[in-house]
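# Geometric and topological summary
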Amino acid sequence: MLMRKPTDYIDTYYRDTMQGARAYDPLVDTVQADVCVIGGGLAGLNTALGLVERGRGAVVIEAARIGWGASGRNGGFVAKGYACDLAKLKKKVGLDHARALVNLTKDARAMIKTRINDLNIPCGPLRPGVLTVSWKDNPDAVRAIVDDMNNSYDLGFEFWGTDKVRSQCHTDKYFDGVYSPGDFQFHPLTYVQGLANNIVERGGKIYEGSKATKITQMPSGRWRIEVGSGGVVEAEHVVLCCSIYVNGLDKRLRNAAFPVRTFVMVTEPVDPADLKTSIDTEHAIYDMRFASDYYRVLPDNRIMWGGRVSVGRDPAKIAELLHGDMLKVYPQLRGRVKAEYGWSGDLCYAPHKMPQIGQLAPNYWYATCFGGHGLAPTTVGGEMIAGAIADKDDRYKLFSPFGLNFAGGPLAPYIAQSVYWWWRARDYIGG
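Going along each chain's sequence as written, the residues are numbered from 1 onward. Under the rules for a predicted model, residues below a pLDDT of 70 receive no local features and side-chain atom pairs below 80 are neither given nor counted, while totals for whole chains, interfaces and linings still include all residues. Just so you know, side-chain values use all the structure's heavy atoms and leave hydrogens and water out.

## Description of the overall build of the protein chain
- Working definition: helices are DSSP H or I runs of at least four residues, strands are E runs of at least two. Numbering for both runs from the N terminus. Across its full length, the protein chain holds twelve helices and 17 strands.
- On C-alpha atoms alone, the protein chain measures out to a radius of gyration of 21 Å, which is about the 22 Å that the 2.2 N^0.38 rule sets for 431 residues.
- For the protein chain, the C-alpha atoms occupy an extent of roughly 65 × 50 × 45 Å along the three principal directions.
- The rule is simple: take the accessible area with a 1.4 Å probe, protein chains only, and divide by the maximum for that residue type; under 20% is buried, over 50% is exposed, in between is partly exposed. In the protein chain, buried positions account for 55% of the 431 residues.
- Of the roughly 17700 Å² of accessible surface on the protein chain, a fraction of 51% belongs to carbon and sulfur atoms.
- This count recognises Lys and Arg as positive and Asp and Glu as negative, with His and chain-terminal groups excluded. A single reference atom marks each charge: NZ on Lys, CZ on Arg, CG on Asp, CD on Glu. Charged side chains in the protein chain number 51 positive and 46 negative. The centres of these two groups are separated by 4 Å. We take the radius of gyration over the C-alpha atoms and set the globule estimate at 2.2 Å times the residue count to the 0.38 power. Accessibility throughout is a Shrake-Rupley quantity obtained with a 1.4 Å probe, and a residue counts as covered only by protein chains that appear here.

This is the structure in structure tokens:
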């Protein structure tokens with residue numbers, strides 16, 4: 001097997017601490033497949049795993065390394081729901097439809113835990129809970145969120161008052177919060193490796209360094225996928241799970257999404273005494289501002305801090321920038337904690353902020369646009385497409401109201417940047 005160095009992944013904390021990694025050969029021959037999955041991120045791997053679990057053959061082709069994009073660079077929060085606000089989701093499709101969509105993510109969250117246990121994926125410890133905190137002293141509004149979400153979706157949310165929030169997050173920036181006990185955290189890149197290993201063990205094929213360059217339909221009705229490394233896949237079905245990296249393959253998908261580049265910083269290990277007086281919690285934290293921070297304490301006592309959006313940013317400045325954001329919330333860490341890692345990643349968003357899951361033509365599928373909230377929804381997407389192909393399950397049609405709306409074409413990154421600046425302005429104006 002052709003082995004690659006770990007540096008094929010960008011320089012991240014996850015790259016340096018992942019377990020179970022292996023490299024896969026590029027595709028240089030012509031292979032036949034039941035299904036060709038384009039994209040080796042979580043959407044593609046979940047689709048392939050769902051297929052091989054159902055007895056169908058699957059070939060995954062990945063341009064770089066599996067989990068190379070956002071799937072292996074994210075915050076590691078496994079949470080219910082979608083990037084779309086759930087109150088807005090209910091207004092758009094009605095309560096019953098919205099509840100069915102949210103239940104899919106609750107089931108996916110449970111499936112992820114089952115797969116971790118059954119497949120012995122060493123991506124833990126699975127630390128429990130996500131706490132979403134408010135920068136405003138408005139407990140009635142936060143209680144109303146808890147009541148609405150529990151009544152609508154049975155999410156088991158808990159209202160935390162200011163005293164309880166500040167007993168774990170020692171900052172005067174935060175007031176009340178919403179605690180989601182069913183969510184959890186893990187090492188996403190190790191999880192990616194575990195999924196891939198199981199796909200191969202079940203007879204699936206994975207090819208890295210194999211960028212899809214052209215998709216055509218043959219006279220037989222099968223699909224022909226040409227690969228930059230010289231190989232070809234001929235398959236009954238093709239599934240596009242290449243997120244924002246769909247350039248050159250399908251203009252409909254490319255024009256229906258925009259990239260959002262966000263940033264993550266990880267510190268050096270922090271003295272436990274300093275954590276005790278700052279981030280004294282095992283829960284992941286997210287805040288309610290439009291331009292929010294998200295962070296957690298890692299198992300080796302480092303702080304992971306994420307946030308911000310930019311069309312472009314010097315990677316050398318990422319750690320410094322987010323380290324400064326952390327000190328705005330926890331000034332007591334100034335001079336006590338140094339940043340060690342900083343990286344960026346491009347998320348794929350649709351204007352409606354829901355995943356795009358469906359069929360463009362017979363046996364030509366897509367599952368994409370999971371930006372900002374993807375660990376459970378990518379599992380949903382994989383199950384929807386695998387079930388549709390293997391079992392004729394039509395639940396993927398639950399996503400049909402969220403179509404391929406035009407997202408700005410070449411101007412999409414700048415539209416995303418402008419929206420983020422507007423969000424920051426709203427946060428500033430609103431206090």
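## A look at the packing of helix α3 (residues 86-93) against helix α5 (residues 139-153)
- Helix axes are fitted to C-alpha atoms over the stretch in contact, other axes to C-alpha atoms as well, and angles between N-to-C directions run from 0 to 180 degrees. Direction vectors running N to C along α3 and α5 enclose 45 degrees, while the axes themselves pass 11 Å from each other. For the element pair α3 / α5, the angle class is oblique. Both α3 and α5 take part in a crossing whose hand is left-handed. For the pair α3 and α5, the contacting residues are Leu 86, Ala 87, Leu 89 and Lys 90 in the first and Asp 148, Met 149, Ser 152 and Tyr 153 in the second.
- All amino acids are sorted into three groups, where Ala, Val, Leu, Ile, Met, Phe, Trp, Tyr, Cys and Pro are nonpolar, Asp, Glu, Lys and Arg are charged, and the leftover types, Gly among them, are polar. Here the contact of α3 with α5 is built from residues that sort into five nonpolar, one polar and two charged. To sort the angles, those under 35 degrees are grouped as roughly parallel, those over 145 as roughly antiparallel, those from 65 to 115 as roughly perpendicular, and the leftovers as oblique. When the near helix sits turned anticlockwise from the far one by under a right angle, the crossing is termed left-handed; a clockwise turn instead gives a right-handed crossing. Contacts were defined at the residue level, with two residues in contact if any of their heavy atoms lie within 4.5 Å.

## Some words on the pattern of salt bridges
- Whenever a carboxyl oxygen of Asp or Glu lies within 4 Å of a side-chain nitrogen of Lys or Arg, that contact is scored as a salt bridge. Following the criterion strictly, the structure yields 26 salt bridges and no others.
- A salt bridge links Asp 16 to Arg 15; its shortest N-O distance comes to 2.8 Å.
- Between Glu 208 and Arg 65 there is a salt bridge, with the nearest N and O atoms lying 3.0 Å from each other. Here Glu 208, found in the loop between β7 (205-207) and β8 (212-217), pairs with Arg 65, found in the loop between β2 (58-61) and β3 (77-78); they are 143 residues apart in sequence, far enough to count as distant. Across this residue pair, the class does not change: Glu 208 and Arg 65 are buried.
- One connected set of salt bridges, linked through shared partners, spans Glu 53, Arg 54, Arg 115, Glu 383 and Asp 391.

## Considering the packing of aromatic side chains
- Centres within 6.5 Å make a pair out of two Phe, Tyr or Trp rings, where for Trp the six-membered ring is used; the pair is then stacked when the planes are under 30 degrees apart, edge-to-face when over 60, and tilted otherwise. Within this structure, the stated rule accounts for 16 aromatic pairs.
- Summarising the aromatic geometry, the rings of Phe 184 and Phe 186 are spaced 6.2 Å apart at their centres and angled 90 degrees between planes, so their arrangement reads as edge-to-face.
- Assessed through its relative accessible area of 2%, Phe 186 is described here as buried.
- Judged by centre distance (5.3 Å) and plane angle (80 degrees), the rings of Trp 365 and Tyr 396 are edge-to-face. With Trp 365 in strand β17 (residues 364-368) and Tyr 396 in the loop between α11 (375-391) and α12 (412-429), this pair connects stretches of sequence that are 31 residues apart.
- Assessed through its relative accessible area of 5%, Trp 365 is described here as buried.
- Tyr 396 sits in the buried class, given a relative accessible area of 13%.
- Each residue in the set Tyr 13, Tyr 14, Tyr 341 and Trp 343 is aromatic and connected to the rest through ring pairs, giving one cluster.
- Against the face of Trp 68 rests Arg 73, its NZ or CZ located 4.5 Å from the ring centre.
- Positioned above the aromatic ring of Trp 135, the side-chain terminus of Arg 289 is 4.0 Å from the ring centre. Ring-over charges, as used throughout, are those where CZ of Arg or NZ of Lys falls within 6 Å of the ring centre and within 35 degrees of the ring normal.

## Observations regarding the packing of helix α4 (residues 95-118) against α11
- α11 packs onto α4 with a crossing angle of 95 degrees between their chain directions and a minimal axis gap of 8 Å. Classified by the angle between their axes, α4 and α11 sit roughly perpendicular to one another. Seen from α4, the contacting residues are Leu 104, Thr 105, Ala 108, Met 111, Ile 112 and Arg 115; seen from α11, they are Leu 375, Ala 376, Pro 377, Thr 379, Val 380, Glu 383 and Met 384.

## Notes on the environment of Val 260
- On the secondary structure map, Val 260 appears in strand β11 (residues 258-267).
- With 90 residues separating them along the chain, Val 260 and Ala 350 place their C-alpha atoms 10 Å apart.

## So, α4
- The end-to-end C-alpha distance of α4, which contains 24 residues, comes to 34 Å, matching closely the 34 Å that a straight helix rising 1.5 Å per residue would cover.
- Within α4, the full set of buried residues consists of Ala 98, Leu 101, Val 102, Leu 104, Thr 105, Lys 106, Ala 108, Arg 109, Ile 112, Arg 115 and Ile 116.
- The first or second residue beyond α4 is Asn 120, which carries a positive phi of 55 degrees. How far a helix is expected to stretch is found by multiplying one less than its residue total by 1.5 Å.

## Examining the side chain of Ser 344
- The topology assignment puts Ser 344 in strand β15 (residues 339-349).
- Judged by relative accessible area, Ser 344 falls into the buried class, the value being 17%.
- Discounting residues that sit within four places of it in the chain, Ser 344 has contacts with Ile 10, Arg 73, Arg 261, Thr 262, Phe 263 and Ile 318.

## With respect to the nonpolar core
- Ranked by size, the top nonpolar core spans 76 residues in total, and within it Leu 89, Phe 186, Tyr 191 and Phe 399 carry the most contacts.
- The dominant element in this core, judged by the number of residues it contributes, is α11, at eight residues.
- Setting aside chain neighbours within four positions, we find Leu 89 in contact with Tyr 82, Cys 84, Gly 94, Ala 98, Leu 101, Val 102, Tyr 153, Met 354 and Phe 402.
- Side-chain atoms within 4.5 Å are what join buried Ala, Val, Leu, Ile, Met, Phe, Trp, Tyr and Cys residues into a set we call a nonpolar core. Core analysis: the second largest hydrophobic core is formed by 27 residues, Leu 131, Tyr 174, Ala 319 and Tyr 330 among them.

## Overview of the pairing of β11
- With nine of its ten residues buried, β11 lies for the most part within the structure.
- Inspection of the sheet shows β11 paired to β15 by ten bridges, in the antiparallel sense. Note that in β15 the partner of Arg 261 across the bridge is Asp 346. Any two strands are treated as partners once DSSP identifies two or more bridges connecting them.

By themselves, these are just geometric observations and shouldn't be taken as functional.
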